[in-house]
Amino acid sequence: MANSSRKQKSIDGVIALKDFLIDVSANPHIYADNTDLASDLKDQRRTAGLEVEFFEGKKSRRTSPMSLNTLKNYSSEVLDGGFSLINKLRINALDAINLHLEKENAPNKRTKAGLHKKVSELEHQLEEQRKINLILLQGVASAMHSLRNIMSASKPEARDKLCFDSIERLKAIISLNAPPYNNVENSNVVNINPLRDHLK
């Protein structure tokens, strides 16, 4: 019974850490002043040991500290993408904080240094967009493969399971993007219906 309780705590801790890292990426301004957090995010082991309260809407949640081995084992068990997903989210969270701090400390873009900084930012954004496009292509390929499997499933229960697994897989793929393109349910996603109507 105790082993079952510890296992569930570890599973809940993995999910909480994943959601926390996504929240840091989406809202770096909330965490930018926390120098200890930025330092911890540089290291896999210290990230696994995080014990941080964060909010999902008005709901308070807390990460559970664990060993790196425990994080690796249970993330592989409960997350589509396993520890690689957690590690990517860790890097994205740290990059989001650093980018926020850089923007706060950036020189005025009317100066020569400011113009140089702006060019560098645009080049970085272009490179990030290329990465986003590649990840989204992976998502499209995964979706096409899943649709073929769903079409061939004869039982409703099997189709429901395939649909659920496909949605979770797509969420995992999209979460590899840098914010704000790492959350398919984010309100910043552009509605393309007006464009589609215009092209008819």
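These numbers come from a predicted model, not from an experiment. (Residues numbered from 1 in each chain as written. Predicted model: local features only at pLDDT ≥ 70, side-chain atom pairs only at ≥ 80, totals over all residues. Heavy atoms only, no water.)

Some points on the packing of aromatic side chains
Threshold: Stacked, tilted and edge-to-face are the three classes assigned to paired rings of Phe, Tyr and Trp, where Trp is represented by its six-membered ring and a pair needs centres within 6.5 Å; plane angles under 30 degrees give stacked, over 60 edge-to-face, the rest tilted. The helix count covers DSSP runs of H or I at least four residues long, the strand count covers runs of E at least two residues long, and both are numbered beginning at the N terminus. Summary of the burial criterion: residues with accessible area below 20% of their type's maximum are buried, those above 50% are exposed, and those between are partly exposed, where the area comes from a 1.4 Å probe applied to protein chains only.
For the structure on display, the rule yields two aromatic pairs. When the centroid spacing of 5.5 Å and the interplanar angle of 90° are considered together, the rings of Phe 20 and Tyr 31 count as edge-to-face. On the criterion of sequence distance, the pair formed by Phe 20 in helix α1 (residues 2–26) and Tyr 31 in helix α2 (residues 28–31) is long-range, its members being 11 residues apart. Tyr 31 matches Phe 20 in its accessibility class, with the two residues each being buried. A ring pair is formed by Phe 20 and Phe 54, whose centres lie 5.4 Å apart and whose planes are at 55°; its orientation type is tilted. Here Phe 54 lies in strand β1 (residues 53–56) and Phe 20 lies in helix α1, a separation of 34 residues in the sequence. Per residue, the accessibility class of Phe 20 equals that of Phe 54, and both read buried. Here a set of aromatic residues connected by ring pairs shows up, and it is made of Phe 20, Tyr 31 and Phe 54.

A short note on the nonpolar core
Stated formally: Nonpolar cores were defined as sets of buried Ala, Val, Leu, Ile, Met, Phe, Trp, Tyr and Cys residues, with membership established by side-chain atoms within 4.5 Å. What makes two residues a contact is simply this: any of their non-hydrogen atoms within 4.5 Å.
Of all hydrophobic cores here, the largest spans 28 residues; its most connected members are Phe 20, Leu 21, Leu 37, Leu 41 and Leu 71. Elements supplying a minimum of two residues to this core: α1, α3 (35–40), α5 (68–78) and α6 (82–104). Ignoring sequence-local partners within four residues, the contact set of Phe 20 consists of Tyr 31, Leu 37, Leu 50, Val 52, Phe 54 and Thr 63.

Some thoughts on the pattern of salt bridges
Inclusion rule: Salt bridges, as used here, are contacts in which a Lys or Arg side-chain nitrogen is within 4 Å of a carboxyl oxygen on Asp or Glu.
Throughout the structure, instances matching the rule amount to six salt bridges. Between Lys 7 and Glu 77 there is a salt bridge, with the nearest N and O atoms lying 3.5 Å from each other. Taken together, the residues Lys 7 in helix α1 and Glu 77 in helix α5 connect sequence positions 70 residues apart. Since its relative accessible area comes to 47%, Glu 77 is described here as partly exposed. For Asp 165, the salt bridge is made with Lys 161, and the minimal N-O distance between the two is 2.6 Å. Here Asp 165 pairs with Lys 161, and both are found in helix α8 (residues 156–174), just four residues apart, close to one helical turn. It is possible to trace a salt-bridge network through shared partners that takes in Lys 18, Asp 19, Glu 56 and Arg 61.

Things to note about the pairing of strand β2 (residues 59–62)
Defined as follows: Strand pairing follows a simple DSSP-based rule, namely that at least 2 bridges must link the two strands.
Relative to β2, β1 runs antiparallel, the two sharing four bridges. From the neighbouring strand, Phe 54 faces β2, where its bridge partner is Arg 61. Connecting the antiparallel pair β1 and β2 is a turn made up of two residues, with Gly 57 showing a positive phi of about 70°.

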